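Spelled out from the first residue to the last, the chains are:
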Amino acid sequence: MAAGAAEYTFRLAHVTSDKEPIQQAMEAFVSKVEARTEGAVAIQIFPNAQLGSNPEVFEQIRAGAPIISISDPGYLSDFVPDFGVLGGPYLMDDPRDFTKIVESDLYAEMKDRLREESGIELLSMNWLFGSRHMLADKAISSPEDTAGLTFRTPPNIMWVETFNAMGARPTQVAWGEVYSALSAGVVDGAEAPLPSIHGAKLHETKKTISLTGHFKGFTGLIINADLFASLPEDIQTVLDEEANAAGVFMTDLMLNSEEEWIGKLEAEGVTFNRAVDLAAFQEATAEVYSKFPDWSDGLYQRVRTILDQ
(Lines give C-alpha, C1' and ligand atoms only; values in the text may rest on other atoms or scores of the structure.)
Protein backbone atom coordinates (compact mmCIF):
# COMPACT_ATOMS: atom_id res chain seq x y z
CA MET A 1 0.00 0.00 0.00
CA ALA A 2 1.40 3.43 -0.87
CA ALA A 3 2.73 5.64 1.90
CA GLY A 4 0.12 8.05 3.20
CA ALA A 5 -2.76 5.83 2.18
CA ALA A 6 -3.70 4.67 5.66
CA GLU A 7 -7.22 3.27 5.85
CA TYR A 8 -7.45 3.54 9.62
CA THR A 9 -6.01 6.41 11.66
CA PHE A 10 -5.86 6.64 15.44
CA ARG A 11 -4.58 9.05 18.04
CA LEU A 12 -2.65 7.50 20.93
CA ALA A 13 -2.88 9.60 24.08
CA HIS A 14 -1.09 9.72 27.42
CA VAL A 15 -0.72 12.36 30.11
CA THR A 16 2.92 11.76 31.01
CA SER A 17 6.09 13.26 29.60
CA ASP A 18 7.38 12.21 26.21
CA LYS A 19 10.75 11.67 27.95
CA GLU A 20 9.43 8.70 29.94
CA PRO A 21 9.68 4.98 29.07
CA ILE A 22 5.98 4.84 28.23
CA GLN A 23 6.68 7.04 25.20
CA GLN A 24 9.30 4.54 24.01
CA ALA A 25 6.84 1.68 24.44
CA MET A 26 4.19 3.56 22.50
CA GLU A 27 6.66 4.32 19.71
CA ALA A 28 7.48 0.61 19.52
CA PHE A 29 3.77 -0.25 19.42
CA VAL A 30 3.08 2.26 16.63
CA SER A 31 6.06 1.15 14.57
CA LYS A 32 5.14 -2.54 14.76
CA VAL A 33 1.45 -1.94 13.99
CA GLU A 34 2.20 0.24 11.00
CA ALA A 35 4.77 -2.26 9.68
CA ARG A 36 2.56 -5.33 10.13
CA THR A 37 -0.45 -3.65 8.49
CA GLU A 38 1.74 -2.34 5.66
CA GLY A 39 0.61 1.19 6.38
CA ALA A 40 -3.12 0.45 6.53
CA VAL A 41 -3.09 1.67 10.14
CA ALA A 42 -1.53 5.02 11.06
CA ILE A 43 -1.20 6.09 14.70
CA GLN A 44 -0.03 9.47 16.01
CA ILE A 45 1.11 9.78 19.63
CA PHE A 46 -0.07 12.71 21.78
CA PRO A 47 1.90 12.86 25.08
CA ASN A 48 1.80 15.45 27.87
CA ALA A 49 -2.03 15.48 28.10
CA GLN A 50 -2.30 17.17 24.69
CA LEU A 51 -5.72 15.57 24.17
CA GLY A 52 -6.85 16.31 27.73
CA SER A 53 -6.71 14.73 31.17
CA ASN A 54 -7.23 10.99 31.56
CA PRO A 55 -10.95 11.32 32.41
CA GLU A 56 -11.46 13.61 29.39
CA VAL A 57 -9.69 11.22 27.02
CA PHE A 58 -11.51 8.19 28.41
CA GLU A 59 -14.85 9.89 27.83
CA GLN A 60 -13.85 10.61 24.23
CA ILE A 61 -13.04 6.91 23.80
CA ARG A 62 -16.35 5.82 25.29
CA ALA A 63 -18.10 8.24 22.91
CA GLY A 64 -16.50 6.44 19.96
CA ALA A 65 -13.56 8.69 19.09
CA PRO A 66 -10.71 6.95 17.21
CA ILE A 67 -8.40 7.25 20.19
CA ILE A 68 -6.29 4.63 21.93
CA SER A 69 -5.12 5.51 25.42
CA ILE A 70 -3.24 4.11 28.35
CA SER A 71 -5.39 3.10 31.31
CA ASP A 72 -4.94 1.34 34.63
CA PRO A 73 -6.92 -1.00 36.89
CA GLY A 74 -8.08 1.93 39.01
CA TYR A 75 -9.98 3.58 36.18
CA LEU A 76 -11.32 0.28 34.85
CA SER A 77 -12.62 -0.57 38.32
CA ASP A 78 -15.17 2.25 37.89
CA PHE A 79 -16.88 -0.09 35.41
CA VAL A 80 -15.85 -3.56 36.60
CA PRO A 81 -14.92 -3.26 40.30
CA ASP A 82 -12.86 -6.48 40.23
CA PHE A 83 -10.14 -4.72 38.22
CA GLY A 84 -9.28 -2.78 41.37
CA VAL A 85 -7.55 -5.76 42.96
CA LEU A 86 -4.84 -5.62 40.28
CA GLY A 87 -3.69 -2.26 41.58
CA GLY A 88 -3.47 -3.22 45.25
CA PRO A 89 -0.48 -2.69 47.58
CA TYR A 90 2.31 -5.25 47.67
CA LEU A 91 0.36 -7.60 45.41
CA MET A 92 3.51 -9.34 44.17
CA ASP A 93 7.23 -9.30 44.83
CA ASP A 94 8.30 -9.88 41.23
CA PRO A 95 6.45 -7.79 38.62
CA ARG A 96 7.04 -10.53 36.05
CA ASP A 97 4.51 -12.63 37.97
CA PHE A 98 1.81 -10.30 36.62
CA THR A 99 2.00 -12.35 33.42
CA LYS A 100 0.18 -15.11 35.34
CA ILE A 101 -2.73 -12.71 35.85
CA VAL A 102 -3.09 -11.60 32.23
CA GLU A 103 -2.96 -15.21 31.04
CA SER A 104 -5.66 -16.32 33.52
CA ASP A 105 -9.36 -17.06 33.09
CA LEU A 106 -10.05 -14.36 35.67
CA TYR A 107 -8.51 -11.69 33.45
CA ALA A 108 -10.41 -12.95 30.40
CA GLU A 109 -13.66 -12.76 32.37
CA MET A 110 -12.96 -9.19 33.47
CA LYS A 111 -12.10 -8.15 29.90
CA ASP A 112 -15.40 -9.58 28.66
CA ARG A 113 -17.37 -7.78 31.36
CA LEU A 114 -15.60 -4.49 30.59
CA ARG A 115 -16.50 -4.78 26.91
CA GLU A 116 -20.13 -5.67 27.62
CA GLU A 117 -20.78 -3.25 30.47
CA SER A 118 -18.78 -0.16 29.49
CA GLY A 119 -18.07 -0.36 25.75
CA ILE A 120 -14.32 -0.43 26.34
CA GLU A 121 -12.03 -2.94 24.63
CA LEU A 122 -8.96 -3.70 26.74
CA LEU A 123 -6.10 -4.45 24.35
CA SER A 124 -3.50 -5.09 27.05
CA MET A 125 -2.81 -4.63 30.77
CA ASN A 126 0.81 -5.81 30.96
CA TRP A 127 2.70 -2.52 30.65
CA LEU A 128 4.73 -2.13 33.86
CA PHE A 129 4.45 1.57 34.63
CA GLY A 130 6.91 1.05 37.46
CA SER A 131 7.27 0.46 41.16
CA ARG A 132 5.93 3.50 42.95
CA HIS A 133 8.09 5.13 45.60
CA MET A 134 7.55 7.98 48.06
CA LEU A 135 8.93 11.51 47.68
CA ALA A 136 9.00 13.80 50.73
CA ASP A 137 11.25 16.11 52.75
CA LYS A 138 12.25 13.24 55.04
CA ALA A 139 13.11 9.58 54.75
CA ILE A 140 10.12 7.26 55.12
CA SER A 141 11.15 3.88 56.48
CA SER A 142 7.96 2.58 58.12
CA PRO A 143 4.25 3.42 58.43
CA GLU A 144 5.12 5.46 61.54
CA ASP A 145 6.89 7.90 59.20
CA THR A 146 3.82 8.39 57.01
CA ALA A 147 1.48 8.96 59.96
CA GLY A 148 -0.14 12.36 59.68
CA LEU A 149 1.55 13.31 56.42
CA THR A 150 -0.61 14.65 53.61
CA PHE A 151 0.12 12.56 50.51
CA ARG A 152 -1.01 13.26 46.99
CA THR A 153 -3.10 10.49 45.47
CA PRO A 154 -4.92 10.27 42.16
CA PRO A 155 -8.75 10.10 42.28
CA ASN A 156 -8.59 6.39 42.96
CA ILE A 157 -10.11 4.62 45.94
CA MET A 158 -7.29 2.02 46.09
CA TRP A 159 -4.73 4.79 46.66
CA VAL A 160 -6.94 6.45 49.25
CA GLU A 161 -7.50 3.23 51.21
CA THR A 162 -3.81 2.32 51.02
CA PHE A 163 -2.59 5.65 52.36
CA ASN A 164 -5.29 5.66 55.02
CA ALA A 165 -3.99 2.26 56.14
CA MET A 166 -0.50 3.75 56.42
CA GLY A 167 -1.84 6.49 58.67
CA ALA A 168 -1.34 9.23 56.08
CA ARG A 169 -3.88 11.79 54.91
CA PRO A 170 -4.55 11.12 51.21
CA THR A 171 -5.36 14.21 49.16
CA GLN A 172 -6.54 13.88 45.58
CA VAL A 173 -4.61 16.04 43.13
CA ALA A 174 -4.50 15.75 39.33
CA TRP A 175 -1.10 14.66 38.03
CA GLY A 176 -0.53 17.93 36.18
CA GLU A 177 -0.95 19.85 39.44
CA VAL A 178 1.31 17.74 41.69
CA TYR A 179 4.40 19.93 41.23
CA SER A 180 2.58 23.07 42.35
CA ALA A 181 0.85 21.20 45.20
CA LEU A 182 4.23 20.04 46.52
CA SER A 183 5.80 23.48 46.02
CA ALA A 184 2.98 25.27 47.82
CA GLY A 185 2.84 22.77 50.70
CA VAL A 186 -0.69 21.65 49.81
CA VAL A 187 0.69 18.11 50.19
CA ASP A 188 3.72 16.90 52.15
CA GLY A 189 4.60 14.13 49.75
CA ALA A 190 3.82 12.33 46.54
CA GLU A 191 4.49 8.89 45.11
CA ALA A 192 5.21 7.69 41.59
CA PRO A 193 7.65 5.58 39.58
CA LEU A 194 11.09 7.16 39.33
CA PRO A 195 10.80 8.10 35.62
CA SER A 196 7.56 9.94 36.38
CA ILE A 197 9.09 11.79 39.33
CA HIS A 198 11.94 12.85 37.04
CA GLY A 199 9.71 13.61 34.06
CA ALA A 200 7.43 15.87 36.11
CA LYS A 201 10.48 17.38 37.89
CA LEU A 202 8.91 16.65 41.27
CA HIS A 203 12.41 16.19 42.72
CA GLU A 204 12.88 19.94 42.40
CA THR A 205 10.38 20.34 45.26
CA LYS A 206 11.44 17.52 47.62
CA LYS A 207 14.82 15.86 47.82
CA THR A 208 14.29 12.49 49.53
CA ILE A 209 12.90 9.39 47.81
CA SER A 210 12.19 6.28 49.89
CA LEU A 211 12.11 3.02 47.94
CA THR A 212 8.82 1.76 49.37
CA GLY A 213 7.62 0.05 46.16
CA HIS A 214 4.12 -0.01 47.64
CA PHE A 215 2.43 -0.36 44.24
CA LYS A 216 3.80 -2.15 41.20
CA GLY A 217 1.70 -0.31 38.70
CA PHE A 218 0.54 -1.98 35.52
CA THR A 219 -1.25 -0.16 32.74
CA GLY A 220 -2.42 -1.03 29.24
CA LEU A 221 -4.14 0.18 26.12
CA ILE A 222 -7.88 0.74 25.67
CA ILE A 223 -10.03 1.56 22.64
CA ASN A 224 -13.75 1.90 21.99
CA ALA A 225 -15.19 -1.62 21.81
CA ASP A 226 -17.60 -0.99 18.92
CA LEU A 227 -14.89 0.76 16.94
CA PHE A 228 -12.53 -2.15 17.55
CA ALA A 229 -15.18 -4.69 16.55
CA SER A 230 -15.75 -2.80 13.28
CA LEU A 231 -12.14 -3.30 12.20
CA PRO A 232 -11.13 -6.21 9.96
CA GLU A 233 -10.16 -9.26 11.96
CA ASP A 234 -6.52 -9.14 10.86
CA ILE A 235 -6.24 -5.51 12.06
CA GLN A 236 -7.80 -6.47 15.40
CA THR A 237 -5.25 -9.26 15.77
CA VAL A 238 -2.32 -6.94 15.06
CA LEU A 239 -3.51 -4.30 17.52
CA ASP A 240 -4.08 -6.92 20.22
CA GLU A 241 -0.78 -8.74 19.71
CA GLU A 242 1.35 -5.62 19.42
CA ALA A 243 -0.30 -3.98 22.45
CA ASN A 244 0.80 -6.98 24.50
CA ALA A 245 4.24 -7.17 22.86
CA ALA A 246 4.76 -3.49 23.75
CA GLY A 247 3.84 -4.38 27.33
CA VAL A 248 6.63 -6.95 27.45
CA PHE A 249 8.98 -4.32 25.97
CA MET A 250 7.99 -1.73 28.57
CA THR A 251 8.22 -4.16 31.48
CA ASP A 252 11.77 -5.09 30.47
CA LEU A 253 12.59 -1.41 30.05
CA MET A 254 11.35 -0.53 33.53
CA LEU A 255 12.95 -3.48 35.31
CA ASN A 256 16.31 -2.91 33.67
CA SER A 257 16.44 0.86 34.19
CA GLU A 258 15.58 1.49 37.85
CA GLU A 259 19.21 1.84 38.99
CA GLU A 260 19.85 4.12 36.03
CA TRP A 261 16.97 6.38 37.12
CA ILE A 262 18.30 6.34 40.68
CA GLY A 263 21.66 7.52 39.32
CA LYS A 264 20.03 10.29 37.28
CA LEU A 265 18.08 11.57 40.26
CA GLU A 266 21.06 11.33 42.62
CA ALA A 267 23.05 13.42 40.14
CA GLU A 268 20.33 16.07 40.48
CA GLY A 269 20.55 16.21 44.27
CA VAL A 270 18.13 13.51 45.41
CA THR A 271 18.90 11.33 48.43
CA PHE A 272 17.59 7.77 48.32
CA ASN A 273 16.43 5.87 51.37
CA ARG A 274 16.78 2.11 50.85
CA ALA A 275 16.31 1.23 54.54
CA VAL A 276 12.58 0.63 54.25
CA ASP A 277 10.76 -1.86 56.47
CA LEU A 278 8.74 -3.45 53.67
CA ALA A 279 7.28 -6.08 56.02
CA ALA A 280 5.80 -3.33 58.22
CA PHE A 281 4.23 -1.65 55.20
CA GLN A 282 2.86 -4.97 53.96
CA GLU A 283 1.33 -5.68 57.35
CA ALA A 284 -0.18 -2.19 57.63
CA THR A 285 -1.78 -2.36 54.17
CA ALA A 286 -3.00 -5.98 54.24
CA GLU A 287 -6.41 -4.78 55.47
CA VAL A 288 -6.93 -2.78 52.26
CA TYR A 289 -8.04 -5.90 50.37
CA SER A 290 -11.06 -6.21 52.67
CA LYS A 291 -12.31 -2.66 51.95
CA PHE A 292 -14.06 -3.32 48.64
CA PRO A 293 -17.55 -4.80 49.12
CA ASP A 294 -18.26 -4.59 45.37
CA TRP A 295 -15.56 -7.13 44.54
CA SER A 296 -16.61 -10.66 43.62
CA ASP A 297 -16.63 -13.11 46.52
CA GLY A 298 -13.19 -14.57 47.10
CA LEU A 299 -11.56 -12.32 44.48
CA TYR A 300 -8.37 -11.56 46.39
CA GLN A 301 -7.85 -15.20 47.27
CA ARG A 302 -8.39 -16.14 43.62
CA VAL A 303 -5.69 -13.66 42.61
CA ARG A 304 -3.35 -14.99 45.30
CA THR A 305 -3.87 -18.55 44.02
CA ILE A 306 -3.00 -17.46 40.47
CA LEU A 307 0.12 -15.59 41.59
CA ASP A 308 1.32 -18.40 43.86
CA GLN A 309 1.22 -21.03 41.11
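The following refers to the structure shown. (Residues numbered from 1 in each chain as written. Predicted model: local features only at pLDDT ≥ 70, side-chain atom pairs only at ≥ 80, totals over all residues. Heavy atoms only, no water.)

1. Topic: the packing of aromatic side chains
In this description, an aromatic ring pair is defined by two values, namely the gap between the centres and the angle between the planes.
Piece 1. Summed over all chains, the structure comprises eight aromatic pairs.
Piece 2. Seen from their ring centres, Tyr-75 and Phe-79 are 5.2 Å apart, and the 80 degrees between their planes marks the pair as edge-to-face.
Piece 3. Look at Tyr-75 and you get buried, because its relative accessible area is 13%.
Piece 4. Between Tyr-289 and Tyr-300 the ring centres are 4.1 Å apart and the planes differ by 20 degrees, which places this aromatic pair in the stacked class. In this pair, Tyr-289 is assigned in the loop between helix H12 (278–285) and helix H13 (299–307) and Tyr-300 in helix H13, connecting sequence segments 11 residues apart.
Piece 5. Taking relative accessible area as the criterion, Tyr-289 reaches 10% and is therefore assigned buried.
Piece 6. Among the aromatic residues, ring-to-ring pairing joins Tyr-289, Phe-292, Trp-295 and Tyr-300 into one connected group.
Piece 7. Across from the ring centre of Trp-261, 3.9 Å away, lies the NZ or CZ of Lys-264, which sits over that ring. (Phe/Tyr/Trp six-rings, centres within 6.5 Å; stacked < 30°, edge-to-face > 60°. Buried < 20%, exposed > 50% of the residue type's maximum accessible area, 1.4 Å probe, protein only. Helix = DSSP H or I, 4+ residues; strand = E, 2+ residues; numbered from the N terminus. Lys NZ or Arg CZ within 6 Å of the ring centre and 35° of its normal.)

2. Focus: the packing of helix H1 (residues 21–36) against helix H11 (residues 233–267)
Piece 1. Running from N to C, H1 and H11 point in directions that differ by 150 degrees, and their axes come no closer than 9 Å. On the basis of their axis angle, the class for H1 and H11 is roughly antiparallel. At the point where H1 passes H11, the crossing takes the right-handed sense. Judged by residue contacts, Pro-21, Ile-22, Gln-24, Ala-25, Ala-28, Phe-29, Lys-32, Val-33 and Arg-36 of H1 engage Val-238, Leu-239, Glu-241, Glu-242, Ala-243, Ala-246, Phe-249, Met-250, Leu-253, Met-254 and Trp-261 from H11. (Axes fitted to C-alpha atoms, helices over the stretch in contact; angles between N-to-C directions. Parallel < 35°, antiparallel > 145°, perpendicular 65-115°, else oblique. Left-handed = near helix turned anticlockwise from the far one by under 90°. Contact = heavy atoms within 4.5 Å.)

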